Amino acid sequence: MLPWSMKMRGRLDEHFVVSELLRGNPLGDPHERPLWVYVPPGYEDESARRYPSVYVIQGLTGQLDMWRNRSAFRPTFVELVDELAAPCVVVFVDAWTSLGGSQFIDSPGTGRYGRYLCDEVVAFVDERYRTLAEPAHRGIAGKSSGGYGAMVSSMLRPDRFGGFATHAGDALFEVSYLPDFRTSVRALRDEYDGSFERFWQDFRSRPAFTKKTDHVLLNDWCMAACYSADEDGTIHLPYRPDTGRLVPEVWERWLAWDPVRMAPSHGDALRGMRAIWIDAGRWDEPHLDLGAEAFRQELAALGVTDVHFELFDGGHGGIDYRYPLSLKYLADRLA
């Protein structure tokens, strides 16, 4: 009943995955994770038909139930997916951590979220649904950190994914991450005596994001946990917290995870993709439109030119409506 809900044409199943890979993760976060799977209209009627699948992953601080959040006068994301009803199985993945996210990679600072996604979740879905269970028919899509995860998962695991869509995905780190370091350093100096531990104590003692520097501090520490943690879990910052001066050996560890810099060494995987969608807003606040263009240029240098690329009028927030457009694109290409 409008405006509170829409009758779905397809079906959304809600599951829990008990992950052995996330069990005992260094943050003590849950190893039992929710997983939603959407099947399009007609799925029950054509018992012999198999479908391509698209895995949808979230940005930093995203958790699965947020897909049901409604903005004024607009459908929820799940309702948009159902309205589009692309002929594919859509898998909604949760990779939240208590630091905000995992970047969908394996790290001793957060846990084995890359393998969780690519091995446990993919196997869970293929065992229970009539998917075309081959990488050529499996795609992945996300925004922001989710867009990052879509790029990196496709490069690292072409045995799992044959196409991806990245909406303002984290890339070109010196443009998207580095400028915020100076803001973080001032906040650490002025409010937390230079200590991230004190920041986290304060952050967890009050409503989240009620201070203007919360996001940059959370982002810096979370990214460090993903990109520059030692095997024993020790997290290293890419800058000195007293001055912001870069620590070159740590910053290089971050840059090694930059999709723009990863692309040349994963040319075979990228050339093997059946579908690539890249977009971003022209006034994206973290300037991820520049990262999108830099990534597109790296693809072109590798001979990958069959790419949907678009810069649209908009910022970093409020572009979730573009996900369904890329879902249909991926579904058509991966069928």
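Remember, it's a predicted structure, so these values are computed and weren't measured experimentally.

(A) Main features of the packing of aromatic side chains. Taken as a whole and assessed by the stated rule, the structure comprises 27 aromatic pairs. Where tyrosine 43 meets tyrosine 129, the ring centres are 6.4 Å apart and the plane angle is 55°; that geometry is what we call tilted. Of this pair, tyrosine 43 sits in the loop between β2 (32-39) and β3 (53-57) while tyrosine 129 is found in the loop between α2 (113-128) and β7 (138-143), placing the two residues 86 residues apart along the sequence. Exposure remark for tyrosine 129: the relative accessible area of 6% places this residue in the buried category. Ring geometry for tyrosine 177 against tryptophan 254: centres 5.6 Å apart, planes inclined by 85°, an arrangement best described as edge-to-face. Residue tyrosine 177 is found in the loop between α4 (173-176) and α5 (181-191), and its partner tryptophan 254 is found in helix α8 (residues 248-255); the two are separated by 77 residues along the sequence. Tryptophan 254 shares its class with tyrosine 177; the two are buried. Linked through ring pairs, Tyr148, Phe173, Tyr177, Phe181, Tyr227, Tyr239, Trp251 and Trp254 together constitute an aromatic cluster. The aromatic ring of phenylalanine 124 is capped on one face by arginine 128, whose charged end is 3.6 Å from the ring centroid.

(B) Geometry of the pairing of strand β4 (residues 89-93). Of all five residues that make up β4, five are buried, and the element is covered over most of its length. The side-chain alternation of β4 yields two buried faces, one formed by Val89, Val91 and Val93 and the other by Val90 and Phe92. Alignment of β2 against β4, held across four bridges, turns out to be antiparallel. Across the sheet, the residue bridging to tyrosine 38 is valine 90, located in β4.

(C) Structural context of the packing of α5 against helix α7 (residues 214-227). Here α5 crosses α7 at 105°, and the two axes come no closer than 9 Å. As the angle between them shows, α5 and α7 are arranged roughly perpendicular. Packed against α5, whose contacting residues are Phe181, Thr183, Ser184, Ala187 and Leu188, the element α7 presents Val216, Leu217 and Asp220 at the interface. The residue inventory of the contact of α5 with α7, partitioned by class, reads five nonpolar, two polar and one charged.

So, how was this worked out
Residues numbered from 1 in each chain as written. Predicted model: local features only at pLDDT ≥ 70, side-chain atom pairs only at ≥ 80, totals over all residues. Heavy atoms only, no water. Phe/Tyr/Trp six-rings, centres within 6.5 Å; stacked < 30°, edge-to-face > 60°. Helix = DSSP H or I, 4+ residues; strand = E, 2+ residues; numbered from the N terminus. Buried < 20%, exposed > 50% of the residue type's maximum accessible area, 1.4 Å probe, protein only. Lys NZ or Arg CZ within 6 Å of the ring centre and 35° of its normal. Pairing = 2+ DSSP bridges. Axes fitted to C-alpha atoms, helices over the stretch in contact; angles between N-to-C directions. Parallel < 35°, antiparallel > 145°, perpendicular 65-115°, else oblique. Contact = heavy atoms within 4.5 Å. Nonpolar A, V, L, I, M, F, W, Y, C, P; charged D, E, K, R; others polar.

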